[in-house]
Amino acid sequence: MGEPRVQCRTLARLFSVLLSCYAGESSAWSWRESLFGIPEPREPPPVPWAYSGDNGPDRWASLSPKYAACGGQQQSPIDLSGATVVPFSPLSFHYRSNPLHIINTGNQLLLHYQPGSYLIANHHPYELKEVHFHSPGEHVIRGTVADLELHLVHQDERGRFAVVAVPVRVGIRRNSTLMRIAERLPPVDLQGYYARRRGINAVFLLPVKKTYFRYLGSLTHPPCTEDTIWFVFDHPLEIDAGDLQRFRQVLGRNARPLQPRNGRQVFAFLR
Ligand SMILES: [Zn+2]
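Below: a short report on this structure. Treat the numbers as computed from the prediction; the structure is a model and nothing was measured. (Residues numbered from 1 in each chain as written. Predicted model: local features only at pLDDT ≥ 70, side-chain atom pairs only at ≥ 80, totals over all residues. Heavy atoms only, no water.)

Section: the state of the cysteines
(1) Moving on: Scanning the entire structure with this criterion turns up 1 disulfide.
(2) Moving on: In this model, Cys70 is linked to Cys224 through a disulfide, with the two sulfur atoms separated by 2.0 Å. Handedness here is read from the sign of the S-S torsion; for Cys70 and Cys224, about 85°, the answer is right-handed. Highlighted residues: Cys70 in the loop between α3 (60–63) and β1 (84–86) and Cys224 in the loop between β11 (212–218) and β12 (226–233), separated in sequence by 154 residues. (Disulfide = S-S within 2.5 Å. Helix = DSSP H or I, 4+ residues; strand = E, 2+ residues; numbered from the N terminus.)

In structure tokens:
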């Protein structure tokens, strides 16, 4: 049973190298930069972290001084129960379409977003930087965890993060953009793979009913940056069981355990 999988991985790696050669570049990173305008990483590789074992979530804060915030008092994800209901204030999304290229970092599937797409919240703009996926969901919404959770990561001009979380559940009203992404997922265990150039628009990764919870937390993975504003949608997108299985095969289990609320208030913007 092992041999076909090995051959598959080898072929996929060969394909990735050929693509790099085709672009006249010597590395996958250069290829990424030349085709998509995404900057090459100039800094040394970050300290490895994982969702289990010696580099698992309980150890993140001690793996590197850069990850010290992982031991902070305003960490995410949390259970959103007991939210204070307040009058609805709409979030405004101004997203452009973007080439669908997916990077498997080993811990996450990332869709980098090109400049020019914004979330406006309370009259303040946050630029969309990336979309990534967690399996299963991370936040507890109305007492349950979703099958998947999408994170749309934004930053304002000062570098402050705002993350929009979208729960995804198995259902019959399948989201067509999630279906397209599922069809083009990178092979399992192959890192740095980029899918074909097809466009997607992240606005179609948002639920129709845009009621949401808001609280102050952190990125849910190293460096666990605090002072991050969370907007967690109440209503889920739907996906079929086969596509969910595809995501899970590639993602594995990449959900951080719940973090202490430490007295933080959660607001529910429900119509
Ligand atoms: Zn995330």
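More follows now that the structure is in view.
Description of the coordination of the zinc ion
(1) Moving on: With distances of 2.0 to 2.1 Å, the protein atoms coordinating the zinc ion are His132 (NE2), His134 (NE2) and His151 (ND1).
(2) Moving on: Spacing between the donor residues of the zinc ion along the chain follows H-x1-H-x16-H. With His134 in strand β7 (residues 124–134) and His151 in strand β8 (residues 148–155), the pair connects residues that are 17 residues apart, well separated along the chain. (Donors = N, O, S within 2.8 Å, 3.2 Å for Na, K, Ca; no water.)

Description of unusual backbone geometry
(1) Moving on: Here the residue pair Ser76 and Pro77 is connected by a cis peptide bond, since its omega of 5° sits within 30 degrees of zero.
(2) Moving on: Take Pro77: it is sitting in the loop between α3 and β1.
(3) Moving on: Following Ser135, the chain continues into Pro136 via a peptide bond in cis, with omega recorded as -5°.
(4) Moving on: Position of Pro136 among the secondary structure elements: in the loop between β7 and β8.
(5) Moving on: A positive phi angle, near 55°, is found at Arg142, a position not held by glycine.
(6) Moving on: Looking at the secondary structure, you find Arg142 in the loop between β7 and β8.
(7) Moving on: Under the relative-accessibility criterion, Arg142 is labelled exposed at 57%. (Buried < 20%, exposed > 50% of the residue type's maximum accessible area, 1.4 Å probe, protein only.)

Description of the packing of aromatic side chains
(1) Moving on: Within this structure, the stated rule accounts for 11 aromatic pairs.
(2) Moving on: Look at Phe88 and Tyr212: their rings are 6.1 Å apart centre to centre, the planes differ by 65°, and that puts the pair in the edge-to-face class. Placement of Phe88 in the loop between β1 and β2 (92–94) and of Tyr212 in strand β11 is noted, with a sequence separation of 124 residues between them.
(3) Moving on: Tyr212 sits in the buried class, given a relative accessible area of 3%.
(4) Moving on: Ring plane angle 40° and centroid distance 6.2 Å describe the contact between Phe93 and Phe233, whose orientation is recorded as tilted. Taken together, the positions of Phe93 in strand β2 and Phe233 in strand β12 put the pair 140 residues apart, joining distant regions of the chain.
(5) Moving on: Classification of Phe93 as buried rests on a relative accessible area of 14%.
(6) Moving on: Overall, Phe233 belongs to the buried group, its relative accessible area being 0%.
(7) Moving on: Three or more aromatic residues joined by ring pairs form one cluster here, namely Phe88, Tyr212, Phe231 and Phe269. (Phe/Tyr/Trp six-rings, centres within 6.5 Å; stacked < 30°, edge-to-face > 60°.)

Looking at the layout of surface pockets
(1) Moving on: Estimated volume of the second largest pocket: approximately 330 Å³.
(2) Moving on: The wall of the second largest pocket is formed by Arg173, Arg174, Asn175, Leu206, Pro207, Val208, Lys209, His235, Pro236, Leu237 and Glu238. (1 Å grid on protein atoms, 1.4 Å probe; cavity = no way out; pocket = protein on both sides within 12 Å on 5 of 7 lines; lining within 4 Å. Points joined across faces, edges and corners; volume = space filled by probe spheres on them.)

A few points about the pattern of salt bridges
(1) Moving on: What the rule picks out here adds up to 8 salt bridges.
(2) Moving on: Between Asp227 and Arg160 there is a salt bridge, with its nearest N and O atoms 3.0 Å apart. Linking Asp227 in strand β12 with Arg160 in the loop between β8 and β9 (161–170), this pair joins segments that are 67 residues apart in sequence.
(3) Moving on: Look at Arg160 and you get partly exposed, because its relative accessible area is 23%. (Salt bridge = Lys/Arg side-chain N within 4 Å of Asp/Glu carboxyl O.)

Some points on helix α5 (residues 241–251)
(1) Moving on: Three or more residues of α5 are buried, namely Asp243, Leu244, Phe247, Val250 and Leu251. Considered in projection along α5, the buried side chains sweep an arc of 130° and stay on one side of the axis.
(2) Moving on: Its side-chain oxygen placed 3.1 Å from the backbone nitrogen of Gly242, Asp240 serves as the N-cap of α5.
(3) Moving on: Looking one or two residues past α5, Gly252 carries a phi angle of roughly 65°, positive in sign. (Arc of directions from axis to C-beta. Polar contact = N/O pair within 3.5 Å; in protein donor to acceptor, adjacent residues only side chain to side chain.)

What to know about helix α4 (residues 176–183)
(1) Moving on: Those residues of α4 that fall on the buried side of the exposure criterion are Thr177, Leu178, Ile181 and Ala182. On an axial view of α4, the arc spanned by its buried residues comes to 140°, and they lie on one face.
(2) Moving on: Capping the start of α4, Asn175 holds a side-chain oxygen 3.1 Å from the backbone nitrogen of Thr177, two or three residues further along.

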